[in-house]
Every structure is written in C-alpha cells, then in structure tokens.
Amino acid sequence: MPDRNKITPADLAILTELERKVLWLASWTIHNANHLRESVDGLKVGGHQASSASLATIMTALYFRSLRPQDRVAVKPHASPNFHAIQYLLGKQTRDKLEDFRGYKGAQSYPSRTKDADDVDFSTGSVGLGVAQTLFSSLTQDYVRAHGWGLDRPEGRMVALIGDAELDEGNIFEAILEGWKQGLRNCWWIIDYNRQSLDAVVREGLWERYEQLFKNFGWDVVILKYGSLQQAAFREPGGETLRQWIDRCPNQLYSALVFQGGAAWRKRLMDEIGDQGAVTKLIEQRSDDELARLMNNLGGHDLPSIVQAFDTIDHDRPTCFIAYTVKGFGLPIAGHKDNHAGLMTPAQMETFRQAMNIRTGHEWDLFEGLRAKPEQVKAFLDKVPFAQGGARRLKSPQVAVPAELAVTIQPEMSTQFGFGALLNELAREKTPLAERIVTTSPDVTVSTNLGPWVNRRGLFARESMADTFKSERIPSTFNWEFSPKGQHIELGIAEMNLFILLSALGLSHSINGERLLPIGTLYDPFIARGLDALNYACYQDARFIVVATPSGLTLAPEGGAHQSIAQPLIGMAQDGLAAFEPAFVDELAAILAFSLEYIQKDGDDAASERNWLRDETGGSIYLRLSTRPVEQIKRPMTPELRQAIVDGAYWLREPGPNCQVVVAYTGAIAPEAIQAVGLMAEDRRDVGLLAVTSADRLNAGWTAALRARERGLVHARSHIERLFADLPSNCGIVSVLDGHPATLAWLGAVSGHRVRPLGVEHFGQTGSLPDLYRHYGIDANAIVAAAQAIAPGRPIRHLRALG
Ligand SMILES: Cc1ncc(C[n+]2csc(CCOP(=O)(O)OP(=O)(O)O)c2C)c(N)n1
Ligand SMILES: [Mg+2]
C-alpha cells in the first residue's frame, strides 16, 4: 500500500532521482538501439523518445510509489521504453533485452504480454484497445469476486496510461458507456495531456470536453495542470497575471515556446504581459533556465503534485486524471510538433549525457549519475510496493471437460440451434465446467440462441434486479433476472466491447488467478466491426470462444448488409484463433468439447506428429454457425470420427481408386454438396465427398507439415495429405462454401489436383436461400456443372435436367 501519509522529503528526493533515471534509460535505450541498427543496416527505426519522455514523471510516481502488486496497467504504446527502464531498475528486465530494443527478440517497441519478458500486464500498440482493456478487466475482477472466487487476494486497480490523441478512438467511448452501465469501479485512466498527436498539436480546450464527458459517466476527474513551481510562482506578486496568460496560451504556441526554451519564453512573456508591473519582476528574477523550468513545470511533470493526487484517492470510483505534460519533456526535442518520430542527434545525446552526469561506458549502470547514495536508492527500490508481490502471472487449474457433451439430435437442426441446445444441457449441470462458463453478447443474446442458457444461469450484475415482466406475470420466453451469481454479461451493441470483454475474461486465469471459460456470441458479419479488438485479444493470448451466427447467405432475407463473405478467411488468417464451421450438430458437439479444453491449454510449442498442429499450446476458438436447418446424419460418434472432425475434415463418402471428382464442402451448404454428389453418381463412377469442418486447421496442419519436411522430417504428413493420399492425380476437386471461395481453393495444392472453388464473392441481396444459392452458383446444379467442367467425361445427365 502506498503510504497514505504525506511523502517524506527523503522519498521525494529519491523519486526525483528515479525520474531522471527513467528519462535517461528510456532515451538511451532508444538512442542506443538506433545507433546499433544504423551501423548494421543503415536504417533509423524511430523510437518515440518524445512520446515516452512525456510520461516519465507519471510512470515514476506510479511504479515506484502508488501501484500495488494486485494493480494492473496498460501503458501507452510509445511509453514502452519507460516501462522497460522501470523494470530494469526493479531487476525485472535485462540489459541484453534493452540493448536489443526493437530488435529481434529484444524488448518490444510496444509493451507485449506475449513477447516481452518483463511482465507486461496488458499489451498495447493499436491505440485505444489497452485503455478499454483496463475497464473490462475491472468488470472481470468484479465478476470473479461476485462469484466468490479469489476473495483471498486484495482487489486490484486497473490503470491505463493514455495518450491524449488516443482519445480520438471511438472504442474508448463505447467502453466508457458500457462501464457506466455495469457499475465500473477500481479503474484509473491517466491522460497524458501533452496536446500533441503524431502529426500535430491537438485542438484547444479538449480537456474541458473530457472533463464533462467523464463526469457525465460517473467518473471522478482530477486535473493536474500546474506543477508546484508554478503554484508557488502564482502566489508571488504578479503570479495571477502569469496564470491567466498560461490559461489563455494556445496549445501550438505553448509547444513552440517549450521547444525554443528560456530566452523565447522571456521575450514572449515580456512582449505580452511584461508591462503589467509585478509580473515583470517575477519574470526578471529568473534566469532563462529557471524560466524554462517554471514554464515546463506542468502538473504531469511535478512529482509532488502527482504523488499527492494519487495518494489522496481513497475510494474505488473510476477516476480520470488529466495530466498536463510536455511531449519530449527534459529533452532538446521537447514541444516540437514534428517530434513524434524525432530522435536526438548524437551531439544532442552527448549534451544530454553530460547533463545527466553519466560517464561514457557507464550508460547502463543502475546507479550512475545519481545524486543520492546508491545504498539509499537500492534500499528504496527493494521496498517498492509494486515489486513485492512475486509473480504477476497467476495460475488457475484447468477445468475438466468430458469428451462428449450431451445434446439431443433432432432429424433436422441448424448448428445455431444445436449450440443453444448444447449450452442448455450444460446449464442444467452442477459441474465446475458449467460454473466457470461465462457468456456474453452485444444485444444479440436471444437471436444467437443463448436464451435457454441465460434462463437457467441468469444475468450478471453486482446488484440483483428482478425481471419486471416476470414479477408482473406477463408471459415471456425469457427470464432476465440480474444477480451477482448470474453467468451472462449482457452488453450494448458495440462489438469492440464484446471482443475486449472477451479479452479481459479470457485472461482471468492469469490476472485474477481464477479461470473463466468465456463464450461470446455475435452475428458473423459484425466480426468485422470488432476485428482489431479480436486481433488484440488474440495477440495477448486471451482465451475464449466466439460463436458467430448466423453467417453467410443464411441471413438471406436480411440482405447484403447482414451477409458475411470474408469471415472464413479471417478465421484462417487470424493467429491465435482456431476456426471451425461445422454442418451437423454432432460435429458441433465434438468441436465444442474440444474447444472448451483447447482454450485452457498452455503446453509447450511442439506440434503433434498426427496433424502437425500445436494443440498443446492452445488458443482461442471461432465457431461459424448457421440458422439453416440441415437434415442430420444418424451415426455413432466414434473416437476416430471425433478426431477427424477436430483435425478439420473427414470423408463423408470415401473416394475409390478411380475417383474422378471430389466435392469438398464446408458448413451449411452440406445438403447441396450431398445432393450434387448423389446426382453425379450415376454418370461418374467414383465421386468423393469431403466434409471440411475446419479449413483453418486443415490448412495450418498442411503448411506445418510442409515446413517440417523442409527441415528434414521426411515422414511428416498432415491430416489433409493423408486424406488425399490415394486420390488419383487426374481427379478434380470442386470446393464449395457459403463464404469466399479462396477458403478452400488451396486444397488443389496439397497433392496437385485441379480445383474449381465455388463460393460467394459479392454482396448479396434479400431473397430466399435457394434464390441466393442459385444466384452465386453454390447450389447443387452449380456444383455438378463445375464437376462436369473439371472432370470431363460422359455428360452428367442431371445437370441438363436441373439446368
Ligand atoms: C489504431 C492505431 N492507429 C494509428 C496508430 C499510429 N499512431 C501511433 S501513436 C499515434 C498518435 C499518438 O498521439 P498521443 O496518443 O497523443 O500520444 P503522444 O504521441 O502524444 O505520446 C498514432 C496516430 C496506432 N498506433 N494505432
Ligand atoms: Mg499526445
């Protein structure tokens, strides 16, 4: 716990030293890396010295005093050098990694949970996302504790360090709104109000909009505008005139004067307010350096003000700090509007080194250049509260998942209906598995078939709230009672929020030491709306299942705006996400059981010799489902079939030795593929039907096996290579899915077969499913026509009949 008493002068003195040290180490890390890189490949790589320096003071106060082990932080991407420097001072980062900053396997340019070795809490990089992650992590913490878990640990605070221009990102506002609805607590957002973005100086008066906005949503707002030097100067005669001048000064001008320094300040101030008596004296009393120090002494660079602001917060209300800062504080590039990618020149660095009292060759020494005694600094560092808690990555045991999940298969069913039925069955159970599942949906709970689960498990809220329709005895299919024990988090429509919440829930095992099994649902086309957040969640290795339904043309009557085309390709290309698109509910049951286990895996990197997938490392899951009822196949679920479904494909109709055509399909288009194969059978001796349950895993296994063979493992064979092993080389493949045809087009490359990939390439329109299947050429007739073209032979009679 930070000392609630006023900071002692001795501690303040050491913090001041550490601030200088952070500024030095961060600047040196960037300079050094650039210098090395330049000498190797002649390339300067940037490094954001200015952006980092802007937060050096605040991060010093936070990490060396205010943060507690249970707190978690999202650091503004470009302040990564400060973060690494702080970890270095705390003995949690190595010099090697710093020397390799932005280099291969060195400290990352933007803090990364997965790539950095110094315990990054939340990755950042794509601005706005880490900010929202803190908010949803706080809600996740509340969820965990409300369920009675993790109560032996103190409640943590989720802290975001935010660039002021970062607040242009809309997802932040979506999160604020959701946070208000959900009763957000324990969240601090600290805005680095340096009034500069990448390109420019920001608009005047933004702080007032922010202040109002945050207050409107129930946040406390603390404005750190004037440092203690300025506050003291304002108390001098003429000080009030100076304060008014500062308040009126446009952002652009302030930045320009910061860059120009003391003489420019003097000239400007004298020109504008120098004839007003007392203030003249106030200015003239100070040397150029002193004047510059005074004018740069904004709240965000004043340790006493910051420490006091942080120390005095004794409540759990969400709090926004607007901290006035200077981009490039303490560096010669301070304030210049072009400084974002600016680097100090070697000559500037040399001057800076001397000013920091650092001897050449001692740049990395921990206590070099400090005015305080090393023993004192070391004793202080040894007691830093943040570093007292041991490992920051917590562990939570895996929850057992049965190989088979119960579900009653009806003769005709859609995968979406099957999903609802599977969860409904799980909801009946009193098992740890059912307890740890948490579902969420952005206002499509009912239309994605989570309704039965929610009826049984209830909605989550920290405070109970009855369903008025129920208490008024109005008949309704759904029972929407909110309670702290509820297991569904109902979100507003913003899909960004869905994915960031999944990201937060999906890290609970590591952040809270309590595992959750998050399942989020949305309509497949709207994955695109939250895609960067989905990518972000995967990048930091959060674990969840996203169920996207309905998908593709199965939303035919809703028209082109609701139909998804590219999503199967997203499923293939998104790292950290295994994608499935089953056609039948027994397949879905096998996949869901696999998924619930897969999202909990954290084994080593080794690929399985069976499918060449790295299943032991686990990941997240994307299930692309459909509302289209499909006639189900009555069959026993054998272990072999289950394994093949999970590996990505199986023969629904095995090809013989003279096979001329294979139809390979994915998802709800199965009936058309089955029908087409039936029609062709009369005129083609031998036709195979391949059910592809996961183009993603099939493809990943194939490319991994190729790489393994290239490394000399000559016997490596992937699942698809084994399936195609006996196909004659002149056999043609017609692939088909309700999505982009490229998803399966690569199948021909596996063993060198011709492929005619069918799928959807253009926006649809309203219509019935048969209308649109015909329109896009993915109906049975189109499959037969493609087969005829790719596997010439006797004309296929039914093609004419259908045509
Ligand atoms: C989503 C996204 N868009 C664009 C960028 C490129 N970018 C990086 S920093 C930045 C501006 C940052 O300004 P601010 O947040 O005020 O931080 P400062 O540089 O002032 O420290 C931009 C546009 C990004 N990282 N992420
Ligand atoms: Mg800025």
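See the structure printed just above.
This report concerns the structure included in the present document. Predicted, not measured: the structure shown is a model, and the values here were computed from it. (Residues numbered from 1 in each chain as written. Chains lettered and ligands numbered in written order. Predicted model: local features only at pLDDT ≥ 70, side-chain atom pairs only at ≥ 80, totals over all residues. Heavy atoms only, no water.)

### So, the overall build of the chain
- Regarding its fold elements, the chain presents 35 helices and 20 strands.
- With the principal axes as the frame, the chain shows a C-alpha extent of 105 × 70 × 50 Å.
- Put simply, the chain has 803 residues, and 61% of those count as buried.
- In the chain, 77% of the contacts between residues at least 6 apart in sequence involve partners at least 24 apart. (Helix = DSSP H or I, 4+ residues; strand = E, 2+ residues; numbered from the N terminus. Buried < 20%, exposed > 50% of the residue type's maximum accessible area, 1.4 Å probe, protein only. Contact = heavy atoms within 4.5 Å.)

### Focus: the environment of Asp726
- Inspection of the secondary structure assignment puts Asp726 in the loop between α30 (719-723) and β19 (732-737).
- Classification of Asp726 by relative accessible area gives exposed; the value is 69%.
- Once the C-alpha coordinates of Asp726 and Pro657 are considered, the two residues, 69 residues apart in sequence, prove to be 6.9 Å apart.

### Some words on the pairing of strand β3 (residues 187-193)
- In terms of burial, β3 is largely enclosed, as seven of its seven residues are buried.
- The two faces of β3 match: Cys187, Trp189, Ile191 and Tyr193 on one face and Trp188, Ile190 and Asp192 on the other face are all buried.
- With six bridges joining them, strand β2 (residues 158-163) and β3 adopt parallel strand pairing. Within β3, the residue paired with Val159 across the bridge is Trp188.
- One crossover worth recording links β2 to the parallel β3 by way of helix α7 (residues 170-181), and it is right-handed.
- Pairing of β3 with strand β5 (residues 319-324) involves six bridges; the strand directions are parallel. Each bridged residue has a counterpart across the sheet, and for Trp189 the counterpart in β5 is Cys320. (Pairing = 2+ DSSP bridges. Right-handed = clockwise from strand over helix to strand, strands pointing away.)

### Some words on the site of ligand 1
- Surrounding ligand 1, one finds 17 residues, the nearest of these being Ser51, Lys76, His78, Asp164 and Lys327.
- Side-chain polar atom of Lys76 to an oxygen atom of ligand 1: 2.5 Å apart, as the coordinates give it.
- Within the backbone of Gln196, a nitrogen or oxygen atom sits 2.8 Å from an oxygen atom of ligand 1.
- In isolation ligand 1 offers 590 Å² of accessible surface; the protein chains occlude 75% of this area.
- Along the lines of polarity and charge, the residues of the shell around ligand 1 split into three nonpolar, nine polar and five charged. (Near = heavy atom within 4 Å. Polar contact = N/O pair within 3.5 Å; in protein donor to acceptor, adjacent residues only side chain to side chain. Areas by Shrake-Rupley, 256 points an atom, 1.4 Å probe, with all protein chains shown as cover. Nonpolar A, V, L, I, M, F, W, Y, C, P; charged D, E, K, R; others polar.)

### Quick word on the coordination of the magnesium ion (ligand 2)
- Those protein atoms acting as donors to the magnesium ion (ligand 2) are Asp164 (OD), Asn194 (OD1) and Gln196 (O), and they sit at 2.0 to 2.2 Å.
- Written as a sequence motif, the donor arrangement for the magnesium ion (ligand 2) is D-x29-N-x1-Q. Remark: Gln196 occurs in the loop between β3 and α8 (206-216) and Asp164 occurs in the loop between β2 and α7; sequence separation between them is 32 residues.
- Note on Asp164: relative accessible area 2%, which makes it buried. (Donors = N, O, S within 2.8 Å, 3.2 Å for Na, K, Ca; no water.)

### Re the pairing of β2
- Burial of β2 is extensive: six of the six residues sit out of reach of the surface.
- Neither face of β2 is exposed, since Met158, Ala160 and Ile162 on one face and Val159, Leu161 and Gly163 on the opposite face are all buried.
- Pairing between strand β1 (residues 72-74) and β2: three bridges, direction parallel. Pairing of Arg72 across the sheet is with Met158, part of β2.

### Concerning helix α12 (residues 262-273)
- The end-to-end C-alpha distance of α12, which contains 12 residues, comes to 16 Å, matching closely the 16 Å that a straight helix rising 1.5 Å per residue would cover.
- Among the residues making up α12, those that are buried are Gly262, Ala264, Trp265, Leu269 and Ile273. Seen end-on, α12 carries its buried residues on one side only, within an arc spanning 155°. Opposite its buried face, α12 presents the exposed residues Lys267 and Asp271, each directed more than 90 degrees away.
- Contact partners of the buried residues in α12: α10 (239-248), α11 (251-260), α13 (278-284) and α14 (288-296). (Expected span 1.5 Å × (residues − 1). Arc of directions from axis to C-beta.)

### Section: the sheet that holds strand β20 (residues 754-758)
- With mixed pairing, the five strands of this open sheet are ordered in space as β16-β18-β17-β19-β20. Edge positions in the sheet fall to β16 (649-653) and β20, since each of these pairs with one other strand and no more. Taken pair by pair, the neighbouring strands of this sheet meet at an average axis angle of 25°, ignoring direction.
- Note that β19 and β20 share five bridges and pair parallel. Looking at the pairing, Val734 lines up with Arg756 of β20. (Axes fitted to C-alpha atoms, helices over the stretch in contact; angles between N-to-C directions.)

### Concerning the environment of Lys76
- As for its placement among the helices and strands, Lys76 is situated in the loop between β1 and α4 (80-89).
- A residue is classified by how much of its surface remains accessible, and Lys76, at 5% relative accessible area, is buried.
- Excluding anything up to four places from it in sequence, Lys76 contacts Ser51, Ser54, Leu55, Thr124, Leu161, Ile162, Gly163, Glu166 and Asp192.
- Polar contacts involving the side chain of Lys76 include one to the main-chain carbonyl oxygen of Ser51, which spans 2.8 Å.

### Observations regarding the pattern of salt bridges
- Summed over all chains, the structure comprises 43 salt bridges.
- The residue Arg642 makes a salt bridge to Glu404 at a minimum N-O spacing of 3.1 Å. Taken as a pair, Arg642 in helix α27 (residues 639-647) and Glu404 in the loop between α17 (374-382) and β6 (412-413) lie far apart in primary sequence, 238 residues in all.
- On the basis of relative accessible area, Glu404 is assigned to the exposed category, the value being 55%.
- Each of Asp142, Arg145, Glu155, Arg185, Asp316 and Arg462 takes part in one network of salt bridges that share partners. (Salt bridge = Lys/Arg side-chain N within 4 Å of Asp/Glu carboxyl O.)

### Some words on the sheet that holds β3
- Spatially, five strands are ordered β1-β2-β3-β5-β4 in an open sheet, and the strand pairing comes out parallel. Edge positions in the sheet fall to β1 and β4 (220-224), since each of these pairs with one other strand and no more. Neighbour to neighbour, the strand axes of the sheet diverge by 15° on average, direction disregarded.
- Relative to β5, β4 runs parallel, the two being bridged by five bridges. Residue pairing in the sheet places Val221 in a bridge with Cys320 of β5.
- Contacting β1, β2 and β3, helix α6 (residues 129-146) crosses the sheet at an angle of about 165° to β2.
- Docked against the sheet, helix α15 (residues 303-311) engages β3, β4 and β5, running at close to 170° with respect to β4.

### Let's talk about helix α24 (residues 531-539)
- Burial in α24 covers these residues: Ala533, Leu534, Tyr536, Ala537 and Cys538.
- Residues of α24 that are buried make contact with α6, α22 (495-505) and β13 (577-580).

### Description of the packing of α22 against α24
- Relative to each other, α22 and α24 sit at 10°, their axes nearing to 8 Å. Classed by the angle they form, the pair α22 and α24 counts as roughly parallel. Of the residues in α24, those touching α22 at Met496, Phe499, Ile500 and Ser503 are Asp532, Ala533, Leu534, Tyr536 and Ala537.
- When grouped by side-chain class, the residues that make up the contact of α22 with α24 number seven nonpolar, one polar and one charged. (Parallel < 35°, antiparallel > 145°, perpendicular 65-115°, else oblique.)

### What to know about the state of the cysteines
- Here the structure, examined in full by the defined rule, presents zero disulfides.
- Here Cys731 is not cross-linked by a disulfide; its sulfur's nearest cysteine counterpart is in Cys659, at 3.8 Å.
- Under the relative-accessibility criterion, Cys731 is labelled buried at 0%. (Disulfide = S-S within 2.5 Å.)

### Thoughts on unusual backbone geometry
- Of the consecutive residues Thr549 and Pro550, the connecting peptide bond is found in the cis state with omega at -5°.
- Take Pro550: it is sitting in the loop between β12 (545-548) and α25 (567-573).
- Positive phi, close to 60°, is recorded for Arg195, a residue that is not glycine.
- You can see Arg195 is positioned in the loop between β3 and α8.

### Section: the packing of aromatic side chains
- On inspection of all chains with the given rule, the structure shows 24 aromatic pairs.
- Look at Trp188 and Phe321: their rings are 5.1 Å apart centre to centre, the planes differ by 65°, and that puts the pair in the edge-to-face class. Of this pair, Trp188 sits in strand β3 while Phe321 sits in strand β5, and the two are 133 residues apart along the sequence. We note that Trp188, like Phe321, is buried.
- Centre to centre, the rings of Tyr193 and Tyr324 are 4.9 Å apart; their planes meet at 85°, and the pair counts as edge-to-face. Taken together, the residues Tyr193 in strand β3 and Tyr324 in strand β5 connect sequence positions 131 residues apart. (Phe/Tyr/Trp six-rings, centres within 6.5 Å; stacked < 30°, edge-to-face > 60°.)

These figures come from the coordinates and say nothing about function on their own.
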